[in-house]
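Descriptive analysis of the structure
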Amino acid sequence: MFKFKGVWSNEFSPALIVNKVQRAITPPITRLVSEIPGMDGAYPMGTKLGMRPIRCEITIVRSLIDNDEAFIRLLAGWLFSEQPEEFIDAKDPNVFCKAYLDNRTDLEEIVSLGKGILDFICPDPLIYQEEREEVFANGECFTLVEGTYRTFPSLRIEFSSPADGFKITHTQLDQYIRLNRSFVAGDVVEINCASGKVTLNGVVAMTIYVWEESDFFYLVPGAQTLLCEISEVAHVNIRWRPRWF
């Protein structure tokens, strides 16, 4: 059984039976190397993750279908999407990936034969869990990030008193974000490290981000510490999603 676009497959039973859901344990991994003529081996240049495939073996009980064409339209309305949608395997319901149906899947043929494969692909090959949130206390945030792959956080800073500038540091990576502005009480800054976007009171404000010094850092799996200056005049929280490759 699986859930796609917020709908579980058993809502189409007993006419549709999901026999097996096969989600690759890891996405395809390509090692990027550069070979130099006359030299042994190669230089490692990084790693590329390919699209994660998901195969769902299904059976269609045609004797329970009054109208084949109507049932095909019903399935198509559920399974078709222009953008990747949340896909949950019932065997592992606490995580999800973002998938859409491969255009090679022929629903008409599957219904006609009474069985077949629903092939999904995940352009984003990572697996996600529900969002986590922590609040800074006394200028520090000690957190344990689940998963096996780095993840980019979002930060929200709400100022309760005036402040000249702001800085938050990831101690393990030795990276930080510095903002240059005279803030007033009530100002709210949102920092999205995934998109590299900074807003002030809901308006994009990239000019307050100190580009020469700052990094939109990521969180690594495991324990880590974040530190922020002037914590006594600001309430700071951090949100992220655990990710697996």
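Below is a summary of the structure that appears in this document. Computed from a prediction, not measured in an experiment: that's the story for all the values here.

Observations regarding the sheet that holds strand E17 (residues 203-204)
Reading across from one edge, E10-E19-E12-E15-E16-E17 is the order of the 6 strands in this open sheet, with antiparallel pairing throughout. Each end of this open sheet is capped by a strand with a single partner; those strands are strand E10 (132-135) and E17. Where strand E15 (residues 188-192) meets strand E16 (residues 197-200), 4 bridges bridge the pair, whose relative direction is antiparallel. Counterpart to Ile191 in the pairing with E16 is Val198.

Considering helix H1 (residues 68-79)
Between its first and last C-alpha atoms H1 spans 16 Å; for 12 residues at 1.5 Å apiece the expected length is 16 Å, and the two agree. Inspection of H1 places Phe71, Ile72, Leu75, Trp78 and Leu79 among the buried residues, and these make up the whole buried set. One side of H1 holds all its buried residues, which, seen down the axis, span an arc of 125 degrees. Relative to its buried face, H1 has exposed residues pointing more than 90 degrees away, namely Arg73 and Gly77. By the N-cap criterion, in which a side-chain oxygen at the helix start approaches the backbone nitrogen of a residue two or three places on, H1 is capped by Asn67, the distance to Glu69 being 3.0 Å.

With respect to the packing of aromatic side chains
Taken as a whole and judged by the stated rule, the model has 15 aromatic pairs. On the numbers, 4.3 Å between centres and 0 degrees between planes, the contact of Tyr209 with Phe216 is stacked. For the pair Tyr209 and Phe216, one class covers both residues: buried. Sitting above the plane of the Tyr218 ring, Arg150 keeps its charged end 5.7 Å from the centroid. One Lys or Arg, Lys167, reaches over the ring of Tyr176 and ends 4.1 Å from the middle of that ring.

A few points about the sheet that holds strand E18 (residues 222-228)
Spatially, the 4 strands line up as an open sheet ordered E11-E18-E13-E14, and their pairing is antiparallel. Two strands bound the open sheet, and with one partner strand each, they are strand E11 (140-145) and strand E14 (175-183). Going from strand to strand, the sheet's axes swing by 15 degrees on average, the running direction of each strand aside. Note that E11 and E18 share 6 bridges and pair antiparallel.

With respect to the environment of Trp244
Considering the arrangement of structural elements, one finds Trp244 in strand E20 (residues 243-244). Residue Trp244 is classed as partly exposed on the basis of its relative accessible area, which comes to 24%. Here the alpha-carbon distance between Trp244 and Asp40, two residues 204 residues apart in the chain, equals 34 Å.

Quick notes on the environment of Ser9
Mapping Ser9 onto the fold places it in the loop between strand E2 (7-8) and strand E3 (16-23). When the C-alpha atoms of Ser9 and Trp78 are compared, they prove to be 9.5 Å apart, with 69 residues separating the residues in sequence. Apart from residues lying up to four places away in sequence, Ser9 is in contact with Met1, Phe2, Leu16, Val18 and Trp78.

Thoughts on the pattern of salt bridges
Enumeration over the complete set of coordinates arrives at 10 salt bridges. The partner of Asp89 in a salt bridge is Lys91, with the nearest N and O atoms 2.9 Å apart. The class for Asp89 is buried, based on a relative accessible area of 5%. One salt bridge in this structure joins Glu146 and Arg132, with 2.8 Å as the shortest N-O distance. Placement of Glu146 in the loop between E11 and strand E12 (154-159) and of Arg132 in strand E10 is noted, with a sequence separation of 14 residues between them. Classification of Glu146 as partly exposed rests on a relative accessible area of 35%. On the basis of relative accessible area, Arg132 is assigned to the partly exposed category, the value being 25%.

Things to note about a nonpolar patch on the surface
On the surface, a nonpolar cluster with roughly 480 Å² of combined accessible area is contributed by Leu32, Ile36, Met39, Tyr43 and Met45. Here Tyr43 lies in strand E5 (residues 43-49). Residue class for Tyr43 comes out partly exposed when judged on its relative accessible area of 45%.

Calculation criteria
All residue numbers refer to positions counted from 1 along the written sequence of the respective chain. The predicted origin of the model limits local features to residues at a pLDDT of at least 70 and limits the giving and counting of side-chain atom pairs to 80 or more, whereas totals for whole chains, interfaces and linings rest on all residues. Only hydrogens and water are set aside when side-chain values are computed; all heavy atoms of the structure are taken into account. DSSP calls a pair of strands paired once it identifies at least 2 bridges connecting them. Working definition: helices are DSSP H or I runs of at least four residues, strands are E runs of at least two. Numbering for both runs from the N terminus. Each helix should span, by expectation, one fewer than its residue count multiplied by 1.5 Å. Think of it in three bands: with a 1.4 Å probe and only protein chains considered, a residue is buried below 20% of the maximum accessible area for its type, exposed above 50%, and partly exposed in between. The arc under discussion is defined with respect to the helix axis, by the directions toward the C-beta atoms. The term polar contact refers here to a pair of N or O atoms within 3.5 Å; inside protein, the definition further demands a hydrogen-donor-capable atom paired with an acceptor-capable atom, and it admits residues adjacent in sequence only when both atoms are side-chain atoms. Stacked, edge-to-face and tilted are the three classes for Phe, Tyr and Trp ring pairs, Trp counted by its six-membered ring, which pair at centre distances within 6.5 Å; planes under 30 degrees apart are stacked, over 60 edge-to-face, the rest tilted. Each ring is checked for a lysine NZ or an arginine CZ that lies within 6 Å of its centre and within 35 degrees of its normal; such an atom marks a charge sitting over the ring. Simply put, an axis is a line fit to the C-alpha atoms, just over the touching stretch for a helix, and the angle between two N-to-C directions goes from 0 to 180 degrees. Any two residues whose heavy atoms approach within 4.5 Å are treated as being in contact. In what follows, salt bridge is the name for a side-chain nitrogen of Lys or Arg lying within 4 Å of a carboxyl oxygen of Asp or Glu. A patch consists of residues whose relative accessible area exceeds 30% and which take part in no salt bridge; residues with like charges are grouped when within 9 Å of each other, and nonpolar side chains (Val, Leu, Ile, Met, Phe, Trp, Tyr) when within 5 Å. Each accessible area is a Shrake-Rupley estimate made with a 1.4 Å probe; only the visible protein chains count as cover when residues are assessed.

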